Amino acid sequence: MTTQTIRNSTAVWRAADTRHHLHPFTDFQGLAAEGGSRIITKAEGVWLEDSEGARILDGMSGLWCVNVGYGRERLAKAAYEQMLALPYYNTFFKTATPPSIELSEKLAALTPEGLSRVFYASSGSEANDTIARMVRRYWQLAGQPARRNIISRHNGYHGSTMAAASLGGMQPMHELDGLPLPGFHHVRQPYWFGEGGDMSPADFGIAAAKAIEDKILELGPETVAAFIGEPIQGAGGVIIPPESYWPEVQRICKAHDILLIADEVICGFGRTGHWFGSNLYDIKPDMMTLAKGITSGYLPLSAVMVGDRVADLLWSEGGEFAHGFTYSGHPVACAVALENIAIIEEEKLVERVHDDTGPYLQQQLASLAEHPLVGEVRGVGFIGAIELVTDKASRGRFNPKGRAGTLCRDHCVKIGVVSRAVGDTMVVAPPLTLTREEADELVKRLRLALDGAAADLN
Ligand code: PLP
């Protein structure tokens, strides 16, 4: 295609997109007023290309999911071959397919001990809906049907279906249509930089965990089914909990006999330099949500890992588990997941992020802390956050919230780097294949974006 035809296509695509396509989490009219979407046409490694030929460094792995990077022929081949052999068959009526069986075995081996059964869906939201239903069913079978309440955190993200959005603690999502549903409760998040005040991070971690216990006591322990949390909150702004937090959460769940669920949709499959965020924090969950990195986003797939405590009772007493999706265990998605996991293993991506490129990226990101606009840089492995402040010493916040983040994000777009603004927190989560040179480039571009935002604010 010539440049001219590409330009024409861009204008035509934009117009059609604006007329017909309602984008997720988007102000429809606002997007149209800005001239419409940026149209991404190709990608290779960590680089995206748009319909105008601009190259963009993807510091977000798409939506935190393209862990093995773009352009993997092996994944395309795995999908192609499975489509030819068997493009679809369901797993409802006493049938299974080789990829769904082999992936189940593989996931049981990879995830922490005791999580040996898998229930499939297509998105993280569906997986979390499945969990909400499964834990309530578990307690019915365990003879404690009053245990229906599920506790999670303000500013946690667990998806967009009615139950997943209720599990999540995103205020704008709740305000959209009057959520949460009954039985979903939220407590404070372990966000020391934003909410820790004068407390030490260690004391604040304990206090944030104690908020779960306070909620359990308020509701009555005999009514609480489960607590769910992301090991590191991703969409909420990469909230890295103080070291004291997860041990205390686990103690509290044990003390009140409450199921503990780790939502590993972002943290899973190497993001933190460990296979799962639960490995990083030594969390021993009863259930786990997997999605995104399970296929590196090449096809939609999610999984609920079910621990023996829950699975054994569903198995021995439950009868039919009346829940499932047409695409549960989709053979093509499972085949791609198997190949994706093979790539992660063969290329030692988790080890690389743990020992080499992860510490290097964190070290480079940390150099941004000296920037006048930056109050804190935090991160682990290939996930990180840069807090923008009006004043470093007092951790002063912008008014209105998001003013600096939006400016910085707009500069990122112009400079050709993807970083997301969560209010005034810039977040990054690049593909696990990012090299040291690419990490340098990522940080160089982020610094330029910070300079641009600082100049705009002056
Ligand atoms: N859980 C977490 C931690 C997530 O970050 C997300 C999506 O970003 C979800 C669940 C929902 O996944 P999906 O968008 O595939 O429904």
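Placed above this text is the structure.
Quick summary incoming for the structure in this document. (Residues numbered from 1 in each chain as written. Predicted model: local features only at pLDDT ≥ 70, side-chain atom pairs only at ≥ 80, totals over all residues. Heavy atoms only, no water.)

Some details on the overall build of the chain
Scanning the chain from N- to C-terminus turns up 18 helices and 15 strands. Whereas a compact globule of 458 residues would reach a radius of gyration of roughly 23 Å, the chain reaches 22 Å, a difference of no more than 12%. Dimensions of the chain along its principal axes, counting C-alpha atoms only, are 65 × 60 × 45 Å. Considering only intrachain contacts with a sequence separation of at least 6, the fraction spanning at least 24 residues in the chain is 71%. (Helix = DSSP H or I, 4+ residues; strand = E, 2+ residues; numbered from the N terminus. Rg over C-alpha atoms; globule rule 2.2 N^0.38 Å. Contact = heavy atoms within 4.5 Å.)

Here's the deal with the environment of His330
In this structure, His330 sits in the loop between helix H13 (308–317) and helix H14 (331–346). Since its relative accessible area comes to 17%, His330 is described here as buried. Spatially, the C-alpha atom of His330 lies 8.4 Å from that of Ala121, the residues being 209 residues apart in sequence. Apart from the residues lying within four places of it in its own chain, the contact partners of His330 are Pro87 and Tyr88. Engagement of the side chain of His330 in a polar contact is seen with the backbone nitrogen of Val332, the distance being 3.1 Å. (Buried < 20%, exposed > 50% of the residue type's maximum accessible area, 1.4 Å probe, protein only. Polar contact = N/O pair within 3.5 Å; in protein donor to acceptor, adjacent residues only side chain to side chain.)

Quick word on the site of the ligand
What surrounds the ligand is the set Ser123, Gly124, Ser125, Asn128, Tyr157, His158, Gly159, Glu230, Asp263, Val265, Ile266 and Lys292. Note that a nitrogen atom of the ligand is positioned 3.5 Å from one of the backbone N or O atoms of Tyr157. Against a free-state accessible area of 390 Å², the protein chains account for coverage of 83% of the ligand. For the shell around the ligand, the element with the most residues is helix H6 (residues 124–141), which contributes 3 residues. Among the residues making up the shell around the ligand, the classes are represented as 3 nonpolar, 6 polar and 3 charged. (Near = heavy atom within 4 Å. Areas by Shrake-Rupley, 256 points an atom, 1.4 Å probe, with all protein chains shown as cover. Nonpolar A, V, L, I, M, F, W, Y, C, P; charged D, E, K, R; others polar.)

Quick word on the nonpolar core
With 58 residues, the main nonpolar core has Leu107, Phe269, Leu290 and Leu388 as its most contacted residues. The next biggest cluster of nonpolar side chains, apart from the first, holds 30 residues, and it includes Trp64, Ile151, Ile232 and Val249. (Core = buried A, V, L, I, M, F, W, Y, C linked by side-chain atoms within 4.5 Å.)

Considering the packing of helix H10 (residues 201–219) against helix H11 (residues 245–255)
In the contact formed by H10 and H11, the axes pass within 8 Å of each other and the chain directions differ by 20 degrees. Classified by the interaxial angle, the pair formed by H10 and H11 is roughly parallel. In this structure, H10 meets H11 at a crossing whose hand is right-handed. Contacts from Gly205, Ile206, Ala208, Ala209, Lys210, Ile212, Glu213 and Ile216 in H10 reach Tyr245, Glu248, Val249, Arg251 and Ile252 in H11. Its residues assigned to classes, the contact of H10 with H11 shows 8 nonpolar, 1 polar and 4 charged. (Axes fitted to C-alpha atoms, helices over the stretch in contact; angles between N-to-C directions. Parallel < 35°, antiparallel > 145°, perpendicular 65-115°, else oblique. Left-handed = near helix turned anticlockwise from the far one by under 90°.)

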